[in-house]
Amino acid sequence: MIKSFFFVARLAAAWFGLFVLLAMFAQAIPALAHEDTGPLFLVALIVVAIVITHAFSHLRRVRLIAGEVNASTLSNRQRRQIEMPFDADEAFDLLDSAVRELPRTFELESARDSLQVRAKVHRPGLQGRHALSPATVYHWWLGTTRNQILATVTPGEGTSRITLICEPDTGAWSDWFRVDEGTNLENAEALVRAITRRVAERRRHERAAVTRTVVEKELAVAKLSLLHAQVEPHFLYNTLASAQYLTRNDPPRADEMLGHLIDFLRRSLPRTEDSLSTLGDELDRSRAYLEILKLRMGDRLSLQLDVPEELRALPLPPMMLQTLVENAIKHGLEPKPGGGTVWILARRGEHSIAITVADDGLGFNAQTAGTGIGLRNLRERLHLVYGGGAVLSIVANFPNGVAATLTIPSLQQEEAEHA
């Protein structure tokens, strides 16, 4: 209450003092020295009364906007500082968009190099009025017809600071005689809200992106674990049936088959983490699988391995090599009356390593064109693990069969060797 009284008294005293100076000036001029000062005193009383009314209007509006009246909220000139958790360019973009969307803004100047934004803002209700209209003249006399905004961004290390200055488009001397009816306080608070909202929105998008990434990773891990644990039921049933038959007719071969099956199942158990396997482990798993099939298919199946020992430590997603080997058997050699050979080869290139599984089976046909579920899953897993750095290519093998080649970056291999 005391601050409000002193604020109104200051404005009234400033205008009354102005008229006192005018009266003294008039008395100093000989031609006006004997004139009656009564009319001037009456005009002074009327002006002071209007000023007091306008000051109370300013007080009421400031109280509505800020909820309290103090020296800071009553001021025609408002300054705000906002700490931003972004670099200078991002902070400038947020600031520029917030100022542009402020109502009644015009003559906006945006300088990215100096990280400054300047703008003029019309007073509410005066935009579009004629310059000599009564309302415009009244506000020019006791208020301000327009305000201005100066906003700067101060860069830091990973953070920025925005400084907002909202003030009347007049000199500081005018604050002794005129009030802005809380318009600059309203502009400053509006800009702070707009920038804060944009920061919060940016944070929500970042949190949503992190959540999506975590969910996608969990889904990818679940899919990899499922594929890792997957053992084709028909293969398991047929192997157990063959072992049962051999226990009665050829116990040594039955024992050998069960040993390979145990080895295969042990290497096919799901991992507790989403870590990569190695080419050596995957090769041992595929060898156990093929040894079982050799016992079942007899001379119809042969195996040729050509994998350098130094490449056995190559990190490799589990079950990828197994998928290619199963495709070679299922679509190439099992349907072929005379059977054939499976080749597994690995070669190091300049920046990549190529792993090839080839067969001399039936080759491409309407049912095996390299677009099956297993190969589609394999391509998805390659993308999940390596992004665009790995490729699966499937071509016809000469003179018969199919050759499938995995080409993966060699960086992980080099890191494994240096570890």
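Residues numbered from 1 in each chain as written. Predicted model: local features only at pLDDT ≥ 70, side-chain atom pairs only at ≥ 80, totals over all residues. Heavy atoms only, no water.

J.: Outline the packing of aromatic side chains, supporting the account with residue identities and numerical values.
T.: Taken as a whole and assessed by the stated rule, the structure comprises zero aromatic pairs. A cation over an aromatic ring shows up here: Arg10 above the ring of Trp176, its NZ or CZ 5.4 Å from the ring centre. Cation over ring: Arg202 sits above Phe86, and NZ or CZ is 5.4 Å from the ring centre. (Phe/Tyr/Trp six-rings, centres within 6.5 Å; stacked < 30°, edge-to-face > 60°. Lys NZ or Arg CZ within 6 Å of the ring centre and 35° of its normal.)

J.: Report on a nonpolar patch on the surface, specifying residues and quantitative values.
T.: A surface patch of nonpolar side chains, about 570 Å² in accessible area, is lined by Phe16, Val20, Leu21, Met24, Phe41 and Leu45. Of all the secondary structure elements, the ones that give two or more residues to the nonpolar patch are helix H1 (2–28) and helix H2 (38–66). It is H1 that contributes the most residues to the nonpolar patch, four residues altogether. As for its placement among the helices and strands, Met24 is situated in helix H1. By relative accessible area, Met24 is classed as exposed at 55%. (Patch = residues over 30% accessible without salt bridge, like charges linked within 9 Å, V, L, I, M, F, W, Y side chains within 5 Å. Areas by Shrake-Rupley, 256 points an atom, 1.4 Å probe, with all protein chains shown as cover. Salt bridge = Lys/Arg side-chain N within 4 Å of Asp/Glu carboxyl O. Helix = DSSP H or I, 4+ residues; strand = E, 2+ residues; numbered from the N terminus. Buried < 20%, exposed > 50% of the residue type's maximum accessible area, 1.4 Å probe, protein only.)

J.: Can you tell me about the confidence of the model for the protein, naming the residues and giving the values?
T.: Confidence in the prediction of the protein, expressed as mean pLDDT, is 81, and 81% of residues score 70 or more. The least confident element of the protein, judged by mean pLDDT, is helix H12 (residues 411–418) at 47; the most confident is strand S10 (residues 352–359) at 94. Ignoring residues within four places in sequence, the model shows residues 412–419, a span with pLDDT below 50, making 15 contacts including any to other chains. (pLDDT = per-residue confidence, 0-100. Contact = heavy atoms within 4.5 Å.)

J.: Outline the nonpolar core, listing residues and values.
T.: Ranked by size, the top nonpolar core spans 44 residues in total, and within it Leu279, Leu290, Val342, Ile344, Ile355 and Leu382 carry the most contacts. Take this core: its biggest share by element is nine residues, from helix H9 (residues 279–297). With residues up to four places along the chain from it excluded, the contact list for Ile355 reads Leu279, Leu314, Leu316, Leu321, Leu345, Ala346, Ala404, Thr405 and Leu406. Counting 28 residues, the second-largest nonpolar core is a separate cluster that includes Met84, Val121, Ala151 and Leu164. (Core = buried A, V, L, I, M, F, W, Y, C linked by side-chain atoms within 4.5 Å.)

J.: Explain the packing of H9 against helix H10 (residues 320–333) to me, using residue names and the numbers behind them.
T.: The relative placement of two packed helices comes down to the angle between their axes together with the axis-to-axis distance. Closest axis-to-axis distance for the H9/H10 pair is 8 Å, and the angle between their directions is 25°. By the criterion of interaxial angle, the relationship of H9 to H10 is roughly parallel. H10 is crossed by H9, and the crossing has right-handed handedness. When H9 is examined against H10, the residues Leu279, Glu282, Leu283, Arg285, Ser286, Tyr289, Leu290, Leu293 and Met297 are found in contact with a partner set consisting of Met320, Leu321, Gln322, Val325, Glu326, Ile329 and Leu333. Along the lines of polarity and charge, the residues of the contact of H9 with H10 split into 11 nonpolar, two polar and three charged. (Axes fitted to C-alpha atoms, helices over the stretch in contact; angles between N-to-C directions. Parallel < 35°, antiparallel > 145°, perpendicular 65-115°, else oblique. Left-handed = near helix turned anticlockwise from the far one by under 90°. Nonpolar A, V, L, I, M, F, W, Y, C, P; charged D, E, K, R; others polar.)

J.: Break down the pattern of salt bridges for me, with residues and values.
T.: All told, the structure shown has 20 salt bridges when counted by the stated rule. The partner of Glu167 in a salt bridge is Arg77, with the nearest N and O atoms 2.9 Å apart. Of the two residues, Glu167 sits in strand S5 (residues 160–168) while Arg77 sits in the loop between helix H3 (71–74) and strand S1 (78–84), which places them 90 residues apart along the sequence. With its nearest N and O atoms 2.9 Å apart, the salt bridge here joins Arg123 to Glu181. Placement of Arg123 in the loop between strand S3 (116–122) and helix H5 (134–142) and of Glu181 in the loop between S5 and helix H6 (183–229) is noted, with a sequence separation of 58 residues between them. Given a relative accessible area of 2%, Arg123 falls into the buried group. Judged by relative accessible area, which is 17%, Glu181 ranks as buried.

J.: Outline the sheet that holds S3, listing residues and values.
T.: By definition, the strands of a sheet pair up through backbone hydrogen bonds, in either a parallel or an antiparallel sense. In spatial order, the strands read S1-S5-S4-S3-S2; together these five strands make up an open sheet with antiparallel pairing. A single partner strand is all that each edge strand has here, and the edge strands are S1 and strand S2 (105–111). Between one strand and the next, the sheet's axes are offset by a mean angle of 15°, whatever the strand orientation. Here strand S4 (residues 146–155) runs beside S5; their pairing, made up of nine bridges, is antiparallel. Looking across to S5, one finds that Val153 is bridged to Ile162. Those strands touched by helix H4 (residues 88–100) are S1, S2, S3, S4 and S5, and its axis lies near 170° from that of S2. (Pairing = 2+ DSSP bridges.)

J.: Quick rundown of H10? Include the residues and the values.
T.: In a regular helix each residue adds 1.5 Å, so 14 residues correspond to 20 Å; H10 covers 19 Å between its end C-alpha atoms and thus fits that length. Burial of H10 is extensive: 12 of the 14 residues sit out of reach of the surface. What H10 keeps buried is the set Met320, Leu321, Gln322, Thr323, Leu324, Val325, Glu326, Asn327, Ala328, Ile329, Gly332 and Leu333. (Expected span 1.5 Å × (residues − 1).)

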